[in-house]
Amino acid sequence: MTEINWPWQYSFPPFFTLQPHAETKAKQLAAWKSLTLEYYRITNQAIVDIREVHSSPLFNNVSINRKLSSDMVLVIMEELENSGYACALDKSRQRWLVYWHTLQEWGEIIYNWVRDNGFIGSVCTTFELTDGENTTDQEFHGLDPEVLVRALRTLESSNRAELIMFDDNQGVKFF
Amino acid sequence: MNRFEFVEPRHLPNESFLIRESGVSIVDGELLTQFSNGELTLTSHRILWASSKDSSQRQIYLALSLHYVVHVEEDGSRTYSSPGKDVVLHLTEVSNEKMPGPASRSFSNYVRLSFRNESLTQFISLLTNTIMRRTWELTPVMQSLSGLNFGQSESSGSMPMIKTRTGIIGIERSLQEKQKATDESISMAFQDLKKLMGMAKDMVAISKTISAKIRERQGDITEDETIRFKAYLMSLGIDDPVTRDAYKSSNEYFKQLAKQLAQILEEPIKEVGGMMTLTDVYCRVNRARGLELLSPEDLLNASRQLGSLGLPIILRVFDSGVMVLQLRSHDDKAIVEAVAELLEERKSITAEELAQTEGLSVTLARERLLATEKAGKACRDDSIEALRFYPNLFLTMDV
């Protein structure tokens, strides 16, 4: 796993308190958004569970003894949702799916790879896309299956793919 | 005139004779009375007047207790022509315990003593000295008191008490005695206070009548006299505190109060750095007023008037609800700059630390930090330890 390059804010205690001043707050939340996406990209994770955030070094800086409150994590998640980088998985908005490309972007990336490698018109399993030998150099290699399915659904809605569900496996056909 | 009493022509036990003048008439305000050309005696407690002996009528004896006299002045300009001089005595309201006198009411609250004698310096100096010494308070007329003492000694003599000093009863008794003594001293203290309040009220009343007179007669009074009047007012020691009963509408009262607030607080507020919390103001103002205390509501209402009256200080309510009086010239920007500089220097600061450095109250220090934050020059770190403020690196550090 790559070492994370923490930004200066991470060791600045006020970073862990939601700022009331509007302009400051905007800057702070923007920094949090990019840090969160960066962290999830490098550690290749996709799930944020607000009830367990304090076990994650991202939201809990042990060296300066500061951690984010659950409320503030929720604020950050909602900010990410507004710009299309996250969505809630349950109604109580405690579990979140986070992706460092928007679902449309992921869809485009996958579709471009499919077109470039001549898979249009054929069927692949989702396992082949994320864990297949052909995709090891691709960004979506090892992508969370849930994120992948949601990205493929964006292609489906623009009629460029169709998801096929059978038993315990999922396949997709590209057009 | 209604302050005079009919009396017997003899001195009271504690009273001492000071001076006698003959050919004195009493004038009620500006009205001549039937009491003319008599003999005036000044004692330590009273002014006595006796009608002249050669008149065919029965002799009349009048007395004026000196405690009615609040101010004495010599007046050469009498309205009716005859040789001699006048002494004007300004009097307080008549008290309830007064004995019957020659008049039950009077239109003026001063009397003239009209002397045939031209040089009254000795009389006036004796009179003013006596009034200043207030002998009637130190050694009250003893008549009633001596009777009381006699009665007490008799009762204690007739009922000899055997006092046990041992056992629970002894302890209980000593406790009881102690309690009694405290009780007495407390009620004594309050008696004093009551007297003081009563006197202060009189003083205020007098000062008001005099100042009203000044206003009234602004036209035909010489500058010299105005200055003299003002000097009297000063010597009375109370310079007219603004009180509610003096004004008909509370709005007018608040306006006047606001003006007085601005006048007395401008300097102290400057001293403490341009801002003072309303609680501090309340304490300071009431300490200065002494007796005519202000209620918090009145102070608040008066403070609200400050802004619209164009006075040098104004009321300010912070977002947190803290209320302060501050100088109109007070510059928030300068404060913010100063705090921001201090933040750069110290890296981080709490309200308590700022209060210590700047010699402010913690409340005001917090307000300063919040103002700095509001201006975008600080950001907060709200942890379990304290609310710390840091320089706003979010805005200054460009990533």
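For the structure, check the block above.
Residues numbered from 1 in each chain as written. Chains lettered and ligands numbered in written order. Predicted model: local features only at pLDDT ≥ 70, side-chain atom pairs only at ≥ 80, totals over all residues. Heavy atoms only, no water.

Draft legend 1. Quick peek at helix α9 (residues 332-346) of chain B. Residue and element names in this part refer to chain B. When the terminal C-alpha atoms of α9 are compared, their 21 Å separation across 15 residues agrees well with the 21 Å that a helix rising 1.5 Å per residue should span. Taken as a whole, α9 has its buried residues at I335, V336, V339, A340, L342 and L343. The buried residues of α9 occupy an angular sector of 160 degrees when the element is viewed end-on, so they sit on one face. Opposite the buried face of α9, by more than 90 degrees, sit the exposed residues K333, E341 and E345. Elements that come into contact with the buried residues of α9 comprise β13 (349-350), α10 (351-358), α11 (362-374), β14 (378-382) and β15 (387-391). Of the residues flanking the end of α9, it is K347, one or two places downstream, whose phi is positive at about 75 degrees. (Helix = DSSP H or I, 4+ residues; strand = E, 2+ residues; numbered from the N terminus. Expected span 1.5 Å × (residues − 1). Buried < 20%, exposed > 50% of the residue type's maximum accessible area, 1.4 Å probe, protein only. Arc of directions from axis to C-beta. Contact = heavy atoms within 4.5 Å.)

Draft legend 2. Here's a closer look at the sheet that holds β13(B). The antiparallel open sheet is built from 3 strands, whose spatial order is β13-β15-β14 (chain B). Unpaired on one side and paired on the other, β13 and β14 of chain B mark the two borders of the sheet. (Pairing = 2+ DSSP bridges.)

Draft legend 3. Here's a closer look at the sheet that holds strand β10 (residues 275-277) of chain B. All names here are of chain B. Read from one edge of the open sheet, 3 strands run β10-β12-β11, paired in antiparallel fashion. The sheet terminates laterally at β10 and β11 (313-317), the two strands that pair on one side only. Taken pair by pair, the neighbouring strands of this sheet meet at an average axis angle of 30 degrees, ignoring direction. Relative to strand β12 (residues 323-327), β10 is paired through 3 bridges, and the arrangement is antiparallel. Across the sheet, residue M275 finds its bridge partner in β12, namely Q326. (Axes fitted to C-alpha atoms, helices over the stretch in contact; angles between N-to-C directions.)

Draft legend 4. Quick peek at the interface of chain A and chain B. The interface is formed by 17 residues belonging to chain A together with 19 residues belonging to chain B. At the boundary of chain A with chain B, total buried surface from both sides reaches about 1,500 Å², with 68% on carbon and sulfur atoms. If you look at where chain A meets chain B, you find 1 salt bridge. In this assembly, chain A and chain B are joined by 5 residue pairs in polar contact (both at pLDDT 80 or more). Here the side of chain A that touches chain B takes 4 residues from helix α1 (residues 22-43) of chain A, the largest share from any one element. Of the residues assigned to the side of chain A that touches chain B, the class counts are 7 nonpolar, 7 polar and 3 charged. (Buried area = accessible area lost by both parts, 1.4 Å probe. Salt bridge = Lys/Arg side-chain N within 4 Å of Asp/Glu carboxyl O. Polar contact = N/O pair within 3.5 Å; in protein donor to acceptor, adjacent residues only side chain to side chain. Nonpolar A, V, L, I, M, F, W, Y, C, P; charged D, E, K, R; others polar.)

Draft legend 5. Representation of the pattern of salt bridges. Within this structure, the stated rule accounts for 19 salt bridges over all chains. Taking the shortest distance from any N to any O, the salt bridge between R160(A) and E108(A) comes out at 2.7 Å. On the criterion of sequence distance, the pair formed by R160(A) in the loop between α5 (145-157) and β7 (161-166) and E108(A) in helix α3 (residues 103-116) is long-range, its members being 52 residues apart. Assessed through its relative accessible area of 34%, E108(A) is described here as partly exposed. We note a salt bridge from K377(B) to E337(B), for which the minimum N-O separation is 3.9 Å. With a gap of 40 residues between them, K377(B) in the loop between α11 and β14 and E337(B) in helix α9 connect regions that are remote in the sequence.

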